[in-house]
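Below, each chain spelled out in residue letters.
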Amino acid sequence: MIWYWIFGILGATLFLFLLLAVYDVTQRKHAILHNFPILGHFRFLLESIGPELRQYIVTDNDEERPFSRDQRTWVYASSKNENNYFGFGTDNDLEKTANYLIVKHSPFPVPAPLPGTPEYDPLHTLPCAKVLGGDRERKKAFRPRSVVNVSGMSFGSLGAAAVEAINRGCEIAGALHNTGEGGLSKHHQHGADLILQIGTAYFAARDEKGSFSLPKLIETCERNPQIRALEIKLSQGGKPGIGGLLPGEKVTPEIAEARGIPVGQTCASPAAHSEFHDADSMLDFIEKLADATGLPVGVKSAVGQIDFWEDLAGLCAETGRAPDYIAIDGGEGGTGAGPLAFTDHVALPFKMGFARVYSEFAKQSINDRIVFVGSGKLGFPVEALFAFSMGCDMIAVGREAMLSIGCIQAQRCHTGICPAGIATHNRWLMAGLDPDLKSARLANYLVTLRYEIEKLAHTCGVGHPSLVTPDHFEILDGQLGGASIEETFGIEGLLPRPGPADLERAAEALADARESVAEVA
């Protein structure tokens, strides 16, 4: 009799596991459960008891890299519109942590509209204070609707479902979506405004021989009016100064179409551009692209040798030619795959690199003519506000956007078997990522980040983050001392302080935001 009971219990248990597996595979909410039925539940169980486990073993909330558990928890909660508050006060050691950022609040913060009032904007629209391409009077100059946008991540590095989710999320949040250097795919075309990134291989702008083709670029821009700006990529923080090789077996029909290359043919991305060789010829190239397309043209780069930036700033001041924006990527920025020596040691961190570059343009008194963009782990409220205080007009987020659509920081991007279905082209793994759900989560994250940036700016007593200055921050040294941003980086007097023109630009940006709220209402 007892064996009947044992077999009955085992049979019922197996049946329940089968039902659970069917549910996991068919549900669309969690990629991990779809891709790893039954086993995936253990991940969520361990996550739920993580605080208790970490109280005795493993790591604390701020030790993990590249993003700490506190940071990931904040992104996950924000993307799901859940409570992203933390209880019991900070668990950081403010007095003994070197380079700790302190925001110096005002006794008279700026009041914000409350939910339910006509002025309240649930999307927390926060336009850029500067008009992109406005100083150079580009034909298609525009004011970006969001100071927070998504950084360049190529189709190829990310799978189709992830690119679609990001594009649709950007459209919901009113953010710009950078294509990355891998060309323009059909997955980038779900409604969001685009920045077309042009790398050394000139994907989406090359001829059959692999050389840059201006007619091809014009054709791409005319067929895709959602392209609002062009970005010349010199380097990225994750692996600056090296090219890449895409093996022929990875050149699928979709990737071939996006990049304008033959199916199945190995394709090289050189380390340097073939269309220019120094700052002067790069400026000529920028003007050629802008004149031909009417679009604002920017430059993205990590920061190494500073003499290039000295030359560029001097030429901009002397000749009147200039990029419409400069995006500085920190050496701590991400990449799908890169040599360890490059990811760990090549290019300055964002704060140091941006301070040096911005100061060169400030010395020439032309920093107001250019839109400055920062990237490199800036997708958190305080880090973003710090970038604005140093002179950034916008920020771009990459891996934080990936976290918002389900990335679990498995750090398997280079293997092609991303468990969250993001950095992979495996059909089974990608099937776990539902663009409908994940696009909403990205939008929630972007909106929440804008909200908290604006809330911090209000705490400092200003209405727009572009008006936050170095005086609103102090950097603690871990020895009960502190210093200003300019003292820390040795650039006294070179970082921005708002003048009448800055106040007017910020007021115009906020007026645009109010108009968008009124239109929706």
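Predicted model only: the values in this text are computed from it and were never measured.

Parameters at a glance
Residues numbered from 1 in each chain as written. Predicted model: local features only at pLDDT ≥ 70, side-chain atom pairs only at ≥ 80, totals over all residues. Heavy atoms only, no water. Helix = DSSP H or I, 4+ residues; strand = E, 2+ residues; numbered from the N terminus. Rg over C-alpha atoms; globule rule 2.2 N^0.38 Å. Buried < 20%, exposed > 50% of the residue type's maximum accessible area, 1.4 Å probe, protein only. Contact = heavy atoms within 4.5 Å. Areas by Shrake-Rupley, 256 points an atom, 1.4 Å probe, with all protein chains shown as cover. Lys, Arg positive; Asp, Glu negative; His and termini not counted. Charge placed at Lys NZ, Arg CZ, Asp CG, Glu CD. Pairing = 2+ DSSP bridges. Axes fitted to C-alpha atoms, helices over the stretch in contact; angles between N-to-C directions. Patch = residues over 30% accessible without salt bridge, like charges linked within 9 Å, V, L, I, M, F, W, Y side chains within 5 Å. Salt bridge = Lys/Arg side-chain N within 4 Å of Asp/Glu carboxyl O.

Engineer: Any chance you could explain the overall build of the protein here in plain terms?
Structural biologist: Across its full length, the protein holds 18 helices and 13 strands. Against the compact-globule benchmark of 24 Å for 521 residues, the protein has a radius of gyration of 24 Å, which places it among compact chains. Across its three principal axes, the protein shows a C-alpha extent of roughly 95 × 60 × 50 Å. Relative to its full complement of 521 residues, the protein shows a buried share of 50%. Partitioning the intrachain contacts of the protein with sequence separation of at least 6 by distance along the chain shows that 70% fall at a separation of at least 24. With the model as given, the accessible surface of the protein reaches about 24100 Å², and the carbon-plus-sulfur share is 57%. The average position of the 46 basic charges and that of the 63 acidic charges among the side chains of the protein differ by 6 Å.

Engineer: Where do I start with the sheet that holds strand β13 (residues 482–483) in this structure?
Structural biologist: The strands making up a sheet associate through hydrogen bonds between their backbones, and the pairing can be parallel or antiparallel. Ordered by their spatial adjacency, 3 strands build an open sheet running β1-β12-β13, and the pairing between neighbours is antiparallel. The open sheet terminates on both sides in strands that have one partner only, identified here as β1 (98–103) and β13. By the bridge criterion, 5 bridges tie β1 to strand β12 (residues 473–477) in an arrangement that is antiparallel. Its bridge partner being in β12, Tyr100 is matched across the sheet by Leu476. The strands touched by helix α13 (residues 381–390) are β1 and β12; relative to β12, the strand with the most contacts, the crossing angle is about 115°.

Engineer: Teacher, can you tell me more about a negative patch on the surface here?
Structural biologist: Taken together, the side chains of Asp278, Asp307, Glu310 and Asp311 define an acidic patch exposed on the protein surface. Looking at the secondary structure, you find Glu310 in helix α10 (residues 307–319).

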